[in-house]
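# Structure assessment
Spelled out, the chains give:
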Amino acid sequence: RDFDKNNVNEGYPVLESFHLSTTEATSAKMAVYPNPAKGDFTVEGTGQLIVTNVLGQKIMEKAIEERYNLTLPKGLYLLRLTDGNNSATRKVVVY
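These lines cover the structure that appears in this document, whether it is placed above or below.

On to the overall build of the protein chain. When helices and strands are tallied, the protein chain shows 0 helices and 7 strands. Across the protein chain, helices and strands are ordered from the amino to the carboxyl terminus as β-β-β-β-β-β-β. Buried positions account for 25% of the 95 residues belonging to the protein chain. Partitioning the intrachain contacts of the protein chain with sequence separation of at least 6 by distance along the chain shows that 42% fall at a separation of at least 24. When the accessible surface of the protein chain is summed, it comes to about 7400 Å², and 48% of that surface belongs to carbon and sulfur atoms.

This is how it looks when you write it as structure tokens:
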């Protein structure tokens, strides 16, 4: 039997539309290159840079302005740049 949204006597809830959020998400501007690389990266952006490994361990934290050169050993890392209320996260691979 087909469901009839006008027949609510059968106890079925009817959901016609809904909104998940009323605000737009914004992110900090960040560029990381080259990626993947042999260990030397350039991070472009302004804010607080946090580097973590795949285990979630913080490798470093530093305030950067415009451009920062970073050297990391082999592995997979997450770089997060926070600028006020905005943040951006990038995954980087070192081979």
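There is more to say, and it comes next.
For the rest of this paragraph, the subject is the nonpolar core. Nonpolar side chains in soluble globular proteins tend to be buried together. Within the largest apolar cluster, 18 residues are counted, with the highest numbers of intra-cluster contacts made by Val43, Val51, Leu72 and Leu79. If near-sequence neighbours (up to four positions away) are discounted, Val43 is found in contact with Met30, Ala31, Val32, Leu49, Ile64, Glu66, Arg67, Tyr68, Leu70 and Leu79.

On to the sheet that holds strand 1 (residues 31-33). Strand order in the open sheet formed by 3 strands is 1-2-5, with antiparallel pairing between adjacent strands. The sheet terminates laterally at strand 1 and strand 5 (67-71), the two strands that pair on one side only. The sheet shows a mean angle of 20° between the axes of neighbouring strands, direction not considered. Summarising the sheet, strand 1 and strand 2 (residues 40-44) pair through 3 bridges and their orientation is antiparallel. For Ala31, the partnering residue across the bridge sits in strand 2 and is Glu44.

What follows is about the sheet that holds strand 3 (residues 47-53). Backbone hydrogen bonds are what pair the strands of a sheet, in a parallel or an antiparallel way. Pairing within the open sheet is antiparallel, and its 4 strands lie in the order 4-3-6-7. Two strands in the sheet have a free side with no partner beyond their single neighbour: strand 4 (58-64) and strand 7 (86-94). Each strand of the sheet is rotated relative to its neighbour by a mean of 20°, with strand direction disregarded. Across 6 bridges, the pairing between strand 3 and strand 6 (residues 75-83) is antiparallel. The residue of strand 6 that forms the bridge with Gln48 is Thr82.

Once that is clear, we can look at the environment of Pro73. For Pro73, the location among the structural elements is in the loop between strand 5 and strand 6. A relative accessible area of 53% places Pro73 in the exposed class. Along the backbone, Pro73 and Val94 are 21 residues apart, and their C-alpha atoms lie at a distance of 6.6 Å.

Conventions adopted
Residues numbered from 1 in each chain as written. Predicted model: local features only at pLDDT ≥ 70, side-chain atom pairs only at ≥ 80, totals over all residues. Heavy atoms only, no water. Helix = DSSP H or I, 4+ residues; strand = E, 2+ residues; numbered from the N terminus. Buried < 20%, exposed > 50% of the residue type's maximum accessible area, 1.4 Å probe, protein only. Contact = heavy atoms within 4.5 Å. Areas by Shrake-Rupley, 256 points an atom, 1.4 Å probe, with all protein chains shown as cover. Core = buried A, V, L, I, M, F, W, Y, C linked by side-chain atoms within 4.5 Å. Pairing = 2+ DSSP bridges. Axes fitted to C-alpha atoms, helices over the stretch in contact; angles between N-to-C directions.

The values reported here are purely geometric and, on their own, carry no functional implication.
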